[in-house]
Amino acid sequence: MRHGGAWLLLAMSFAGCEDAAKRPVQAHAPALEPQQTQQAHAAQGAQAQPMQARALQGGPGTVGNLPLRNLKTQPLISLTPRMPGGIPYLIERVKEKFAAGEANYKAGHLAAARRDFDDAVDWMLESGYDPNSDPKLSELFHQVTDTIYAYELQAFRAGDGFSEAPAVPAPIDEVAEMTFPVDPKLKERAEQAAKSLSHDLPLTVNDVVVSYLNFFQTPRGRAIVETGLRRKGKYDDMIARVLREEGVPQDLIYLAQAESAFQPLALSRAGARGIWQFVQWRGNEYGLKRTWWVDERMDPEKATRAAAQHLRDLYGLFGDWYLAIAAYNCGPGNVQKGVERTGYADFWELYKRNVLPRETKNYVPIILALTLIAKDAAHYGISAEPEQPVETDTVKPGRAIDLRLVAETIDADVATLRTLNPSLLRMATPDDPSFVLHLPKGTAETFSAEIADIPADKWVSWRRHRVESGETLTSIAKKYRVTPGAIAAANDLEAGTGLEAGEKLIIPAARPVEETKSRLVRYRVRRGDTLGGIADQFSVTDGDIRRWNGLKGGKVSRGMVLRIYTVGGAPETRTVKSSVKTRRKKPASVHSSSPAAIGRTATSVVPISLVLGSQA
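Within every chain, residues take consecutive numbers counted from 1 along the sequence as written. Reporting in this predicted model follows two pLDDT cut-offs: at least 70 for local features of residues, and 80 or more for side-chain atom pairs to be given and counted; totals over whole chains, interfaces and linings ignore these cut-offs and use all residues. Based on all heavy atoms of the structure, the side-chain values leave hydrogens and waters out of the count.

Asker: Would you explain the side chain of Arg 297 in this entry?
Answerer: Take Arg 297: it is sitting in the loop between α11 (280-285) and α12 (300-318). We classify Arg 297 as buried; its relative accessible area is 1%. There is a polar contact of 3.2 Å between the side chain of Arg 297 and the backbone oxygen of Gly 271. Polar contact is defined as a pair of N or O atoms within 3.5 Å, subject to the rule that within protein one atom must be able to donate a hydrogen and the other to accept it, and that residues adjacent in sequence are counted only when both atoms are side-chain atoms. A distance of 2.9 Å separates a polar atom in the side chain of Arg 297 from the backbone oxygen of Phe 278. Runs of E in the DSSP output that reach at least two residues are strands. Runs of H or I that reach at least four are helices, and both are numbered from the N terminus. Relative accessibility decides the category of a residue: with a 1.4 Å probe and only protein chains considered, values under 20% of the type maximum give buried, values over 50% give exposed, and everything between is partly exposed.

Asker: Could you clarify how one ought to interpret the confidence of the model for the protein chain in this entry?
Answerer: Detail in the predicted coordinates should be disregarded across regions flagged by low pLDDT. Note: pLDDT gives the predictor's confidence per residue, expressed from 0 to 100. Of the residues in the protein chain, 69% have a pLDDT of 70 or more, and the chain-wide mean is 75. In this analysis, two residues are considered to be in contact whenever any of their non-hydrogen atoms come within 4.5 Å of each other. Predicted confidence is poor over residues 155-163, with pLDDT under 50, and the contacts of this stretch with residues over four places away or in other chains come to 33 contacts. Note on residues 568-616: pLDDT under 50 across the span, and 154 contacts to partners over four residues away in sequence or across chains.

Asker: Looking at this structure, I do not really get the pairing of strand β8 (residues 503-507). What am I missing?
Answerer: Put simply, side chains in a regular strand alternate between the two faces of the sheet. Of all five residues in β8, five are buried; the element is thus mostly enclosed. Taking every second residue as pointing to the same face, both faces of β8 are buried, with Glu 503, Leu 505 and Ile 507 on one and Lys 504 and Ile 506 on the other. By this definition, two strands are paired if DSSP reports at least two bridges between them. Examined bridge by bridge, strand β7 (residues 463-466) and β8 share four bridges and lie antiparallel to one another. Paired with Arg 463 across the two strands is Ile 507, which belongs to β8.

Asker: Looking at this structure, how should I read the nonpolar core?
Answerer: Soluble globular proteins tend to pack their nonpolar side chains together in the buried interior. Counting 75 residues, the largest nonpolar core has Leu 213, Phe 216, Trp 276, Tyr 328, Val 335, Phe 347 and Leu 372 as the members making the most contacts within it. Buried residues of nine kinds, namely Ala, Val, Leu, Ile, Met, Phe, Trp, Tyr and Cys, make up a nonpolar core once their side-chain atoms join them within 4.5 Å. The next biggest cluster of nonpolar side chains, apart from the first, holds 22 residues, and it includes Ile 401, Phe 435, Ile 451 and Ile 506.

Asker: Hey, could you run me through the pattern of salt bridges in this one?
Answerer: Any two side chains of opposite charge can pair, so long as their charged atoms come close to each other. Salt bridges are identified by distance alone: a Lys or Arg side-chain nitrogen within 4 Å of an Asp or Glu carboxyl oxygen. With the rule as written, the count across this model stands at 26 salt bridges. One salt bridge connects Glu 285 with Arg 282, and the closest N-O pair in it is separated by 2.8 Å. Linking Glu 285 with Arg 282, this pair stays in helix α11, spanning three residues, or about one helical turn. Its relative accessible area of 12% is what places Glu 285 among the buried residues. The buried category is assigned to Arg 282, whose relative accessible area is 7%. In this structure, Arg 404 and Asp 402 form a salt bridge, with 3.0 Å as the shortest nitrogen-oxygen distance. Residues participating in the shared-partner salt-bridge network are Arg 241, Glu 245, Glu 246, Glu 301, Arg 305 and Arg 312.

Asker: Explanation requested: the environment of Gly 228 in the structure shown.
Answerer: Mapped onto the elements, Gly 228 comes out in helix α9 (residues 219-246). Relative accessible area serves as the criterion here: at 0%, Gly 228 is assigned to the buried category. Taking the C-alpha atoms as reference points, Gly 228 and Pro 386, separated by 158 residues in sequence, lie 9.1 Å from one another. Apart from the residues lying within four places of it in its own chain, the contact partners of Gly 228 are Gln 257, Ala 261 and Phe 262.

Asker: Help me understand the packing of helix α17 (residues 403-410) against helix α19 (residues 444-451), please; the structure alone is not making it clear to me.
Answerer: Helix packing geometry: the angle between the two helix axes and the distance between the axes. In contact at an axis separation of 9 Å, α17 and α19 are set at 110° when each is read in the N-to-C sense. By the angle between their axes, α17 is roughly perpendicular relative to α19. Residue-level contacts link Leu 405, Val 406, Thr 409 and Ile 410 of α17 to Thr 446, Phe 447, Glu 450 and Ile 451 of α19. Here the nonpolar group is Ala, Val, Leu, Ile, Met, Phe, Trp, Tyr, Cys and Pro; Asp, Glu, Lys and Arg are the charged ones; every other residue, Gly included, is treated as polar. When grouped by side-chain class, the residues that make up the contact of α17 with α19 number five nonpolar, two polar and one charged. The axes used here are C-alpha line fits, helices contributing only the stretch in contact, and every angle between their N-to-C directions lies in the interval 0 to 180 degrees. For classification, angles of less than 35 degrees are called roughly parallel, those exceeding 145 degrees roughly antiparallel, those between 65 and 115 degrees roughly perpendicular, and all remaining angles oblique.

Asker: Whenever I open this one, α9 confuses me. Can you help?
Answerer: Since the α-helix advances by 3.6 residues per turn, residues separated by three or four positions end up pointing in the same direction. The bend reported for a residue corresponds to the angle between axes fitted to the seven residues ending at that residue and the seven starting there. Along its length, α9 reaches its greatest deviation from straightness, about 60°, at Tyr 235. Backbone geometry just after α9 places Gly 247 at a positive phi near 70°.

Asker: What is the right way to read the packing of aromatic side chains from this model?
Answerer: For any pair of aromatic rings, the description rests on two quantities: the centre-to-centre distance and the angle between the ring planes. Stacked, tilted and edge-to-face are the three classes assigned to paired rings of Phe, Tyr and Trp, where Trp is represented by its six-membered ring and a pair needs centres within 6.5 Å; plane angles under 30 degrees give stacked, over 60 edge-to-face, the rest tilted. Scanning the entire structure with this criterion turns up nine aromatic pairs. An angle of 70° between the planes, with centres 6.1 Å apart, marks the rings of Phe 278 and Tyr 328 as edge-to-face. Taken together, the residues span a long stretch of sequence, with Phe 278 in the loop between β4 (266-267) and α11 and Tyr 328 in helix α13 (residues 321-330) at a distance of 50 residues. Judged by centre distance (6.5 Å) and plane angle (80°), the rings of Tyr 322 and Phe 347 are edge-to-face. Of this pair, Tyr 322 sits in helix α13 while Phe 347 sits in helix α15 (residues 347-352), and the two are 25 residues apart along the sequence. You'll find Tyr 322 and Phe 347 in the same group, each marked buried. Clustering of aromatic rings is evident, with ring pairs tying together Tyr 322, Phe 347, Trp 348 and Tyr 351.

Written out as structure tokens, the structure reads:
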């Protein structure tokens, strides 16, 4: 939300009239600005333009207007008769089913575990008893749903080809709300060390910064720092190049360390994602696309460029890097209001006068503390071996393709492909000719040669299979739920042809029907959730959630149960009416539906799935 500069000139005139003695005592090392940074500052200072926040409209999984009651004012009820035996009997049955689910989960039988967990939750919801009407039932309900949610994060989403990759908590959520004691000796040492460090952002050492230096040397804080420094090596060169190209200070890299510890899948309570923690509408403002298939906020290089441009715009607006960084956290409007209320265009004055959100007050000190440690880790007794950058090949498939097929084609594993392509939300690439797929170094030629054997309109459903010793067409066909004849035809095999271990076969598989169906998820709102964050988690819009639940405003309260319609998931349990050697062959001419159609709502009958908790 960029604004004009008139208010800033007025605020700065007020700031110049205050006695400098009112400012807090602090050691301050001015920035050593590189030439390109100075040029960018001059250009931006003359042409700062207001930023317009644009909310995304529409979104995948839209079901339309549904005749749903308002869950805020009405408890969940059931049209089915109450379960015989009363609440004690219900509790006993649910515990048995939940225990069976946990046993299946620990044994690795994930599909069976999910069915057990779904049954445990559905029995409570369909029993005719309000889960909140009895203390023991309420306690069991929350215990079951919270535990299932934890298991969901660990395994179910990773195992479902059409579910998003599991996110990891953003470190900034853990640290930004804490306060820590100050070690006077540490402050003195930090002040001396800061004077000898090379830097292109100002380095301030005061009690607030030192309190975080103190925390980052505790076992808990040290783990956060070491994780960030270790992962930083993987992205160091790329981020340095992009920051240089955009003409902003190199030390802004430590903002990413504070936000995410350089984890592309980092997700905050408010729904911010990626290394640079963009919320959806801000990412869209800077060209980071979000679709059912891809979220470019989790693309390290694209997100880095967007962050550099956004920070450059904020510096052009405020003329101060600390204020720009604060505005990156809480929005330029909040910083603007603080400046207008106090007459100070100075972060530390806004801090002292308590006009910024608590998280933002701590945000800048956290980044300064991490900068001091990263530039002189040995001085603070911290060491971490940096990861090496990963070299990749890139290809443009031209249309949607299943990552499992890609992995089988180049003899890689799916986990590697997902790591190399963190912006992919699903197990398939988008049907977008411009999409760039990253492959392990040296595999692009193999991919291009072998994928030509499979019709392009089958890339989202057909598979590759490397024959193992003892396998037959019949056993392979059973594994992929196709006929032996279909495999023989796809590979030009004659009747009675034997298979050789190590050879690759094309498997004309069909995508499971349940992967294209909608499912109804009952989501229980938890502390810190926002409507936008919940919508982002399920790849829908906040407008969808408001419509499905009859919400008039944009606020949700802790404990509310929301209906959310998303794609994929467990099979239906009950229905709710609602609006090395490769056989070469010529590509077959087979008609099928477009890959772009995958993921659309295919039916008006949707399954009831888990009651999930917050991602935070």
